[in-house]
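Close look at the chain arrangement
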Amino acid sequence: MTDSAVPSPERHDAPGPAWPAPAQGLEEIAREAFVPGGVLSRAAEAFRPRHGQTEMAAAVARTIEQGGALVVEAGTGVGKTFSYLVPALLSGERVLLSTATKTLQDQLFGRDLPRLAEALGLPVRMALLKGRASYLCTHRLDLARRDASLPDRSALRTLAKIEEWAQATRTGDLAEMPGLDERSPVLPLVTSTRENCLGSQCPKFRGCHVNNARREALAADVVVINHHLFFADLAVRDSGMAELLPTVRVAIFDEAHQLNETGVQFLGAQVGTGQVLDFTRDMLGAGLQFARGLVDWQQLAGATERAARELRLVVGRNAAGSRLRWTGAAPEGVPEATWCEALEDLQAALAQAAEGIATVSEIAPDFVRLHERAALLAQRLQAFTREAEPGAVRWVDAGTHLRLVESPLDIAEAVQAKLLKTGEAEDPEARRRAWVFTSATLGDDARLTWFTEPCGLQDAEVLRVASPFDYPSQAAVYVPRQLPRPNDPGHSAAVGALAQHAALRLGGRTMVLTTTLRALRAIGEQLQARFQGSTEIEVLVQGQWPKRRLIERFREGAGDGRPGCILVASASFWEGIDVPGDALQLVIIDKLPFPPPGDPLVEARGQRLESQGRSPFNDYFVPEAAVALKQGAGRLIRRESDQGLLVVCDTRLVQMGYGRRLLAALPPMRRLADEAEFEDALQRLAAG
Ligand code: SF4
């Protein structure tokens, strides 16, 4: 069932309550909801019973009844949201729902959950909980109002709009504010972090939006969160989940394929020069407002800021987003003595700042927090002067700022110890708790080891539910053998030429997914130069507009004088983009999406496998590529009526032994043997 088939409150007569009758088990009741004439088909005309959807719902119901962990890979079109929501709501248990993105979080809370609860006739109390950066902090808004150093006039205008909106908002969720640019430099000034929040000392504590959201979450039957929040809390216990999680009986993770990579970001240790600069700004702001003349704030802030910038400088100029390996005393390419000295200087500057703040700490609660922040930053920097923890990997992210990172290689240990509590066999509550992990793509083998191994879920029950789509008749895959090899300098130009030709035949309707930003730029520029001023094709390139706007324009396609579209994108567009219908008929992938071998985290994962006598290539690189390829290909067919072509411009797929495994991971599309068959398929698509 697609989400569009969710009954709308306006469109149906709510059926009677469907609370479980005592004699029936949850599995039986959940199954009944999905049968023809059952509560779902009575509530929504568009609902069609599907075997896979019902089986998944039954498995979720059994897990809720018995406790334990269930991992479900549900192919596109299964309707997995209903498969977990129906048994979860019917169980009457307290439920935590976590998603990877705020978009799905908003969709679940704003649409799917209320409509389904109404269809089932269940009085469910729901709450949406996001990270504190999503909520307006009224205390910091007050400080920002009086801050004379706001970046520019446009920042002042944004601040004025936020102030006006602040009078009316109930939730304080900034996503509800119309027209607010989420990249605005004002946002960090009007939201809080764990470090700068004053907690119960805050003059605005009573009406605080962050605390209100947490209180509502604690009182709700179903709480919708996101993975970032979940792991941030597991790591630093900041979001109120420390109280929430023990009271939850059912935890469901949708888009679970992102759990491991999200988790490792939070479970390690991090400190950055950007955080130090935020601190100096806050110290200067509070100092000048509450204790002007008592301490030389300009001098203290200047010295700390200089030390932070010095540390950034010793690393030298690096391409934005570079990760520097850090296995010895200093990151690679950085002289050890200079690095250690700069690190010590920054700690000393923070210690001096802390001393200065301590002299005025009774004047305002802000100074107590600032003192703690200075100490914490210095302590975190200090930890990076010692050796890394065993089993962890260290690196430096070098961009405008520097971020020092120490990360576990995966989340397995944390999941086992903190979620499943496998070491606490006698904890009856932990045993009763049900964990459900689901996504459209969780691996390329029967045990879904790509997902279960790094997440510590090898003992979980595993279920794979195939997509109901008829892939052999709806889609075809083509690997052009005449293209240059993927490492050939002319490869991107050849991919661009293929995209140009095919998009002209289809009148746009083409998405090019690249594995690197360099290829994104090369192919994007080539196509934009070719179609400049064209009335037939408009070329959309990631980064030139906000993501949402790009997707909306691409979905519109041709019509009413608009040209058709080619979208050239990388990274985040490989997954989660939903363009049903004929706005998208051709997906072109430039290269096999292997993880970057020089990345310190990737390298450390490979080395660990090697030390276990396993093959990093077969056990890590190939499964990663298989899952990413499957996700990219998954953009093509979104409905039973969709038709489309997938072109993978990497001859290794048909020339190397591992190519067979990668092709097998794709949905069962028919294979096009040569250019003639490809042209023929394009012709048919173009003819509609
Ligand atoms: S308690 Fe923290 S988040 Fe809430 S208003 Fe005060 S500083 Fe802001």
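Here the structure is a predicted model, which is why all the values come from computation and not from measurement. (Residues numbered from 1 in each chain as written. Predicted model: local features only at pLDDT ≥ 70, side-chain atom pairs only at ≥ 80, totals over all residues. Heavy atoms only, no water.)

Note that Leu409 resides in the loop between strand 9 (402-408) and helix 17 (412-420). Since its relative accessible area comes to 7%, Leu409 is described here as buried. For the pair Leu409 and Arg432, spaced 23 residues apart in sequence, the C-alpha to C-alpha distance is 29 Å. Ignoring anything within four residues of it in the chain, the contact list for Leu409 reads Val264, Gly391, Val393, Leu601, Ala604, Arg605 and Arg608. (Helix = DSSP H or I, 4+ residues; strand = E, 2+ residues; numbered from the N terminus. Buried < 20%, exposed > 50% of the residue type's maximum accessible area, 1.4 Å probe, protein only. Contact = heavy atoms within 4.5 Å.)

Before going further, it helps to examine the layout of surface pockets. There is about 400 Å³ of room inside the second largest pocket. Lining the second largest pocket are 25 residues, and of these Trp326, Thr327, Gly328, Ala388 and Arg394 lie nearest its centre. For the lining of the second largest pocket, the leading source of residues is helix 15 (residues 336-358), giving five residues. (1 Å grid on protein atoms, 1.4 Å probe; cavity = no way out; pocket = protein on both sides within 12 Å on 5 of 7 lines; lining within 4 Å. Points joined across faces, edges and corners; volume = space filled by probe spheres on them.)

Along the polypeptide, Thr81 turns up in helix 4 (residues 80-91). With 450 residues separating them along the chain, Thr81 and Phe531 place their C-alpha atoms 40 Å apart.

Remark: the centre distance and the inter-plane angle together describe each pair of aromatic rings, the angle taken between the planes. For the coordinates displayed, the defined rule picks out 16 aromatic pairs. Summarising the aromatic geometry, the rings of Phe253 and Trp435 are spaced 6.3 Å apart at their centres and angled 15° between planes, so their arrangement reads as stacked. With Phe253 in strand 5 (residues 250-253) and Trp435 in strand 10 (residues 434-439), this residue pair connects regions lying 182 residues apart in the sequence. Judged on exposure class, the residue Phe253 and its partner Trp435 are both buried. Measuring from ring centre to ring centre gives 5.2 Å for Phe253 and Phe437, while their planes differ by 5°; the resulting arrangement is stacked. Here Phe253 is found in strand 5, whereas its partner Phe437 is found in strand 10, with 184 residues between them in sequence. Taken together, the aromatic side chains of Phe230, Phe231, Phe253, Trp435, Phe437 and Phe451 make up a single cluster linked through ring pairs. (Phe/Tyr/Trp six-rings, centres within 6.5 Å; stacked < 30°, edge-to-face > 60°.)

On to the side chain of Arg638, then. Its place among the elements puts Arg638 in the loop between helix 25 (616-633) and strand 17 (644-648). Looking at Arg638, its side chain comes within polar contact range of the main-chain oxygen of Gly634, at 2.8 Å. The contacts of Arg638, once residues within four sequence positions are left out, are Thr76, Phe469, Ile577, Asp578, Val579 and Pro580. (Polar contact = N/O pair within 3.5 Å; in protein donor to acceptor, adjacent residues only side chain to side chain.)

Let's shift gears to empty space enclosed by the protein. Enumeration over the complete set of coordinates arrives at three cavities of 30 Å³ or more. Taken together, 17 residues form the lining of the largest cavity, with Arg140, Leu143, Asp282, Gly285 and Ala286 sitting closest to its centre. Elements with a contribution of two residues or more to the lining of the largest cavity: helix 6 (138-146), helix 13 (273-290) and helix 16 (365-383). The greatest single-element share of the lining of the largest cavity, amounting to five residues, is contributed by helix 13. Within the lining of the largest cavity, the residues separate by chemical class into six nonpolar, four polar and seven charged. Empty space within the second largest cavity amounts to approximately 150 Å³. What lines the second largest cavity is a set of 18 residues, and nearest its centre among them are Cys137, Cys197, Leu198, Cys202 and Cys208. Looking at the lining of the second largest cavity, the elements with two or more residues in it are helix 6 and helix 9 (209-219). Residues that form the lining of the second largest cavity fall into these classes: eight nonpolar, seven polar and three charged. (Nonpolar A, V, L, I, M, F, W, Y, C, P; charged D, E, K, R; others polar.)

Moving on, we get to a negative patch on the surface. Together, Glu310, Glu341, Glu344 and Asp345 make up a negatively charged patch on the protein surface. For the negative patch, the leading source of residues is helix 15, giving three residues. Take Glu344: it is sitting in helix 15. For Glu344, a relative accessible area of 53% gives the class exposed. (Patch = residues over 30% accessible without salt bridge, like charges linked within 9 Å, V, L, I, M, F, W, Y side chains within 5 Å. Areas by Shrake-Rupley, 256 points an atom, 1.4 Å probe, with all protein chains shown as cover. Salt bridge = Lys/Arg side-chain N within 4 Å of Asp/Glu carboxyl O. Lys, Arg positive; Asp, Glu negative; His and termini not counted. Charge placed at Lys NZ, Arg CZ, Asp CG, Glu CD.)

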